[in-house]
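These are the residues of each chain, in order.
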2 protein chains.
Amino acid sequence: MRVTLRDVAERAGVSIMTVSNVINGNRARVSPETIERVQRIAAELGYVPSASARSLSARSSRLIGLLVPAADEDSLMISPHNVAMVGQIERELRRLGYHLLLRGIANQREVTEALQSWSLDGAILLGFLDEQVDGLTAKTVGSVHVLAIDSYSTNPLTIGPRSDDFTGARLATRHLLDLGHRRIVFAGPAFTGVGVVHERFEGYRQAHADVGATWDGQFIETVNTTHADGRELGLGLLDRHPEATAVFATADVLAIGIMRGLAESGVRVPDDVSVVGFDDLDLCEYAVPRLTTVSQDITAKAATAVRMLIDSIENGARPSEPVTITVSLVKRESTAPAPHQ
Amino acid sequence: MRVTLRDVAERAGVSIMTVSNVINGNRARVSPETIERVQRIAAELGYVPSASARSLSARSSRLIGLLVPAADEDSLMISPHNVAMVGQIERELRRLGYHLLLRGIANQREVTEALQSWSLDGAILLGFLDEQVDGLTAKTVGSVHVLAIDSYSTNPLTIGPRSDDFTGARLATRHLLDLGHRRIVFAGPAFTGVGVVHERFEGYRQAHADVGATWDGQFIETVNTTHADGRELGLGLLDRHPEATAVFATADVLAIGIMRGLAESGVRVPDDVSVVGFDDLDLCEYAVPRLTTVSQDITAKAATAVRMLIDSIENGARPSEPVTITVSLVKRESTAPAPHQ
DNA sequence: CTGAAAGCGCTTACAG
DNA sequence: CTGAAAGCGCTTACAG
């Protein structure tokens, strides 16, 4: 049987309320001797507060949901980049005395269920598309504080942190331009007028403008963010773009696939073609050659997300605008001066 | 304000109990018309049951904890291999109507707190050392059903699934032996007389015995399971073992590091030295050459873990012995016939 | 500094 | 087929 407040109270010869006050650190209300005695007895008995009882009677559950998209019968769709986020988020929440409920979301309707059933104090959306974030309304989220990571949705309910995608792409492209490259392929998934990929594309464009380089729409290659698609692109790259001397890929996995495709078709990286990625996964260090890429500060992003959310929960300070997390360029071995043509 | 059973009951003109029965599918007890009406009204009102109220009054919380080791101020220590496990476990639990609480554990004492505070129905230990698993007693786990994945601890409280490490290593080593290799280095972390690495070592030894090959204790290389340590080993491998023609590494990341070290020191893989890994991470396909490795059936392992745990919870059928998950050898490009010496 | 009462939203026997 | 009562373990005003 579980040890309850009542058990501790009886043993200590005080009321349940007093024990509750001691456990919750409302010390001003209890005499030092009582505090000491109650704490000792609680420890002896191995008392652990019941979180469900707490969340039922108090307004707060100290439970945060981490919602991640999941195709219906599929596993969670956590990208390698987001994996690190999960670990960091858990750590930050634990440090602040919150617990984490990890939940895959197969369809919009599940969001409400996920948020309400455990009376979550808040929730973090990780890896959702902007359209999905747009779809959240006051009705679906209720009174739960929600925050989306890496979202460019303008939904005021979900404002959170995101990496500086624009600057990252601009740095990466500028690095290539500075090395003398003028025919740089942009490789990434299809994009619209808003969102992560769009921002990275704009950064790529801006870098060209920064140095007065012309830029050609021909150089956009739309591919899925997979190693296989990257390899495919790498294999045919110089057939499609004989003048190209560099590639900026919107993800490391993609970039590494491209490097493989290039290698298999006899193109040397970086001697013939330079390649830059985005994310700075561990993978980059393992690749041959080591991949030059844009590094995101995952720890900062996770910590910021948690801080914003908890702030919003505890102080009612809903953020008014997104926080941008700084990125940096990590130069490794996959980029070199443009070859003379 | 939250919609409660009472709200639905009032609107439907029935008692709270009847609504509860309908929501929980105890249909035998309610007339079809009432069921229909209650369901319609619950949907209209957007009723979502309160999980904390449920778990407080019922014996079941339908909450499963996923406990993962975490150094005190550190992020979760989830290996690449275990990442996939998390996603699969969440999916299986969701399919069965359970929720997942993800919790980092910095010290043994936190286990009790984690298990009791949310009245977990059960918990899965992922990535714990056998010694830590050994330390769990009836007192620390209370009445919570617990299961450890990939553990060789003999603790009867934590019996769960684990990959067939012995057979995996045996297959990998046999593959090398069949290719004519007779000087095969075993590279892995330090191990004792029990545990995952020990099992893999025994498999390595057994494979030698299977073909009547002699085996030399000199060939054991103790390294951390990191790319950096692998590279270090690869760099000096032929200095330390001039006769070696192959390496069996207990992890893919390690194997890929070894391949890099070998390449950097001018040794060709697989022409001069063959390398085999363990895990079959996505990484293996990205490596150059693609890594031959032992594949674990992660989906099966996760599904088995969840099935065993839920079975234990719902039917009181505590497993009496561990379930071994089949492994297989995936031949890729990092292994070739032994060179003539 | 300490306590008795009400209530959070549900489920579980027990009646009818 | 349907319901009234008790209780799960806590917290929140409100008294004293």
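Quick caveat: nothing in here was measured; it's all calculated off a predicted structure.

(A) Region of the structure containing the overall build of chain A. Helix and strand counts for chain A come out as 14 helices and 12 strands. Relative to the compact-globule value of 20 Å for 341 residues, chain A shows a C-alpha radius of gyration of 26 Å, a clear excess of over 25%. When its C-alpha atoms are laid out on the principal axes, chain A stretches across 90 × 40 × 40 Å. Expressed as a percentage of its 341 residues, the buried residues of chain A come to 54%. Here the analysis covers contacts within chain A between residues at least 6 apart in sequence; of these, 72% occur between residues at least 24 apart. Entry remark: accessible area of chain A is about 14,700 Å², with carbon and sulfur atoms responsible for 49%. Here chain A contributes 33 positively and 42 negatively charged side chains, and the mean placements of these two sets differ by 8 Å.

(B) Representation of the pairing of strand β8 (residues 246–249) of chain B within the structure. All names here are of chain B. Here β8 shows no split at all, with Ala246 and Phe248 on one side and Val247 and Ala249 on the other all buried. Pairing analysis gives 4 bridges linking strand β6 (residues 184–188) to β8, with the strands arranged parallel. Paired with valine 185 across the bridge in β8 is valine 247. Sheet analysis places β8 next to strand β9 (residues 274–279), joined by 3 bridges and oriented parallel. Its bridge partner lying in β9, valine 247 is registered against valine 275.

(C) Looking closely at the relation of the copies chain A and chain B. For the pair chain A and chain B, the best superposition has an RMSD of 0.1 Å and corresponds to a rotation of 180 degrees with a translation of 0.1 Å parallel to the axis. Here the copies are linked by what is in effect a two-fold axis. Take the interface residues of chain A: 100% of them recur as interface residues in chain B, which is what a same-surface contact looks like.

(D) Layout of unusual backbone geometry. Residue and element names in this part refer to chain A. A cis geometry characterises the amide bond from valine 269 onward to proline 270, with omega recorded as 5 degrees. Its place among the elements puts proline 270 in the loop between α12 (252–264) and β9 (274–279). Geometrically, the link from valine 288 to proline 289 is a cis peptide bond, its omega value of -5 degrees lying close to zero. When you line up the elements, proline 289 lands in the loop between α13 (283–286) and β10 (292–296). The backbone phi angle of serine 119 is positive, close to 50 degrees, even though this residue is not glycine.

(E) Geometry of helix α10 (residues 196–210) of chain B. All names here are of chain B. Counted at 1.5 Å a residue, the expected span for α10 with its 15 residues is 21 Å, and the 21 Å between its end C-alpha atoms agrees. Buried residues belonging to α10 abut α9 (165–178), β6, β7 (220–222), β8, β9 and β10 (292–296). Glycine 212 occupies a position one or two residues after α10 and carries a positive phi of about 70 degrees.

(F) Representation of the interface of chain A and chain B in the model. At the junction of the two partners, chain A supplies 50 residues and chain B supplies 50 residues. Interface area for chain A against chain B, summed over the two sides, is near 4,300 Å², with a carbon-plus-sulfur share of 57%. Taken as a group, A:Trp118, A:Arg260 and A:Tyr286 account for 17% of the area that chain A buries against chain B, more than any other trio of residues on that side. Taken together, the connections running from chain A to chain B amount to 4 salt bridges. Between B:Arg290 and A:Glu264 there is a salt bridge, with its nearest N and O atoms 3.6 Å apart. At the boundary of chain A and chain B, one finds 22 residue pairs in polar contact (both at pLDDT 80 or more).

(G) Summary view of the sheet that holds strand β7 (residues 220–222) of chain A. Residues and elements named next belong to chain A. Here we have 6 strands laid out as an open sheet, ordered β7-β6-β8-β9-β10-β12, and mixed in their pairing. Across the chains shown, the open sheet's two edge strands, defined by having one partner strand only, are β7 and β12 (327–330). On average, each strand axis in the sheet is tilted by 20 degrees relative to the strand beside it, whichever way the strands run. Bridge count between strand β6 (residues 184–188) and β7: 3 bridges; the pairing is parallel. Bridge assignment links alanine 187 to a residue of β7, and that residue is glutamate 221.

(H) Region of interest: the environment of B:Val48. By the secondary structure assignment, B:Val48 is in the loop between α3 (32–45) and α4 (51–57). Take B:Val48: its relative accessible area is 10%, and that puts it in the buried class. When the C-alpha atoms of B:Val48 and B:Leu233 are compared, they prove to be 57 Å apart, with 185 residues separating the residues in sequence. Each residue touching B:Val48, except ones within four places of it in the same chain, is listed here: A:Glu113, A:Gln116, A:Ser117, B:Arg2 and B:Val3.

Each value, and the rule that gives it
- Residues numbered from 1 in each chain as written.
- Chains lettered and ligands numbered in written order.
- Predicted model: local features only at pLDDT ≥ 70, side-chain atom pairs only at ≥ 80, totals over all residues.
- Heavy atoms only, no water.
- Helix = DSSP H or I, 4+ residues; strand = E, 2+ residues; numbered from the N terminus.
- Rg over C-alpha atoms; globule rule 2.2 N^0.38 Å.
- Buried < 20%, exposed > 50% of the residue type's maximum accessible area, 1.4 Å probe, protein only.
- Contact = heavy atoms within 4.5 Å.
- Areas by Shrake-Rupley, 256 points an atom, 1.4 Å probe, with all protein chains shown as cover.
- Lys, Arg positive; Asp, Glu negative; His and termini not counted.
- Charge placed at Lys NZ, Arg CZ, Asp CG, Glu CD.
- Pairing = 2+ DSSP bridges.
- Least-squares fit on C-alpha atoms with pLDDT ≥ 70 in both.
- Expected span 1.5 Å × (residues − 1).
- Buried area = accessible area lost by both parts, 1.4 Å probe.
- Salt bridge = Lys/Arg side-chain N within 4 Å of Asp/Glu carboxyl O.
- Polar contact = N/O pair within 3.5 Å; in protein donor to acceptor, adjacent residues only side chain to side chain.
- Axes fitted to C-alpha atoms, helices over the stretch in contact; angles between N-to-C directions.

Note that every value here comes from positions in space, so none of it alone points to a role or purpose.
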